[in-house]
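# Fold and contact review
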Amino acid sequence: MIPDGLVLFLGPEVWDDNDTSDVDDIATIMALYLANMDLSTLITNPVTTGNTAGCDYRVNVYNIRFGTPTVDLVPIDGGLGLGVTIPDFRADIDIPMSGTWCIIPDIDGDVYATSITITSKMLVTLDPGTGQPVVTMTDTVATVNGLDVDIGGALGFLTNWLINFFEGSFADMIEDALIDSISSLADSLEEALAGLALNESFEIPSFIEGGAPTTLSLVSKLSRLDFTPAGGTVGMAATIVAP
């Protein structure tokens, strides 16, 4: 095979053209994936339990929903910079109270966040042994913004405790769940890059009049992955195979 016999250059608009009206860039594909993720599968109820004022309580969170996610994807040295914004996060809260001497009624309400933002670096390398692309997510940070809790029927001291819980432990739980969820984007990007290797067959006419055409095969594998702020260069070792 000829090293870098084929070379593709993928500029910034291939990764993100800032136009979600059509699906022709990687960022839009990622946004569609995130729009269909089910965060409820990442949360185990009850999210916390305990006892207060003679009552056993269980905090359940359900009916998680959010607005349309947006994805920013920009080439950087060594890979891609990823930015995700998930707006209008909402979930319902149900807190059943129980106990022989419990006089506190069940509590319900909802939790809301203006947005959840995630930033990460997707470092792209080539495995020297297998020749397959490897995408590693580093410096991943998720942040819940503008969290607000609306609790109905709770006593004052319980309201304060619940707000503290959702602003602290629950926010951390959501951030960790989202980081786990977007880690699958690395696998999807690996598959997309691996699919760039061209392996095609084509016919050329016979050099002899009346002769049968000859089928040639173009065989390639990735040989180079270089990323800079200008874009990504994909080199392929390639050869032509004849019967």
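Please refer to the structure higher up on the page.
Now for a description of the structure that goes with this document. Please read these numbers as outputs of a predicted model, since none were measured by experiment. Along every chain, residues carry numbers that run from 1 in the direction the sequence is written. Where local features are concerned, this predicted model is filtered to residues with pLDDT of at least 70; where side-chain atom pairs are given and counted, the filter is 80 or more; whole-chain, interface and lining totals use all residues. Think of the side-chain values as coming from all heavy atoms in the structure, minus any hydrogens and water.

What follows deals with the side chain of Thr28. In this description a helix means any DSSP run of H or I spanning at least four residues, a strand means any run of E spanning at least two, and both kinds are numbered starting from the N terminus. Mapped onto the elements, Thr28 comes out in helix α2 (residues 26-35). Summary of the burial criterion: residues with accessible area below 20% of their type's maximum are buried, those above 50% are exposed, and those between are partly exposed, where the area comes from a 1.4 Å probe applied to protein chains only. Overall, the relative accessible area of 5% leaves Thr28 in the buried class. Residue contacts follow a heavy-atom distance rule, with two residues in contact if any of their heavy atoms lie within 4.5 Å. Among all residues touching Thr28, those that are not within four sequence positions of it are Asp19, Thr20, Asp22 and Val23.

The pairing criterion for strands is at least two bridges between them, as found by DSSP. As judged from the 5 bridges shared by strand β2 (residues 48-52) and strand β3 (residues 55-65), these two strands associate in the antiparallel manner. Paired with Asn51 across the bridge in β3 is Asp56. Count of turn residues in the β2/β3 antiparallel hairpin: 2 residues, of which Ala53 carries a positive phi of about 50 degrees.

Let us look at the pattern of salt bridges. A pair is scored as a salt bridge if a Lys or Arg side-chain nitrogen falls within 4 Å of a carboxyl oxygen belonging to Asp or Glu. Within this structure, the stated rule accounts for 3 salt bridges. The salt bridge partner of Arg65 is Asp92, with a shortest N-O separation of 3.3 Å. You can see Arg65 sitting in strand β3 and its partner Asp92 sitting in strand β5 (residues 79-95), a full 27 residues away along the chain. For Arg65, a relative accessible area of 32% puts it in the partly exposed group. The exposure class assigned to Asp92 is buried, which follows from its relative accessible area of 17%. A salt bridge links Asp226 to Arg224, with the shortest nitrogen-to-oxygen separation between them at 2.9 Å. Its relative accessible area of 27% is what places Arg224 among the partly exposed residues.

Attention now moves to a nonpolar patch on the surface. Put simply, a patch holds well-exposed residues, over 30% relative accessible area, that have no salt bridge, with like charges counted together within 9 Å and Val, Leu, Ile, Met, Phe, Trp or Tyr side chains within 5 Å. In this description, accessible areas are obtained by the Shrake-Rupley approach with a 1.4 Å probe, and a residue is regarded as covered only by the protein chains that are shown. Together, Val23, Ile29 and Leu32 give the surface a local cluster of nonpolar side chains, amounting to about 270 Å² of exposed area. Residue placement: Val23 occurs in the loop between α1 (12-15) and α2. You can call Val23 exposed: its relative accessible area is 52%.

Structural measurements only, silent on function.
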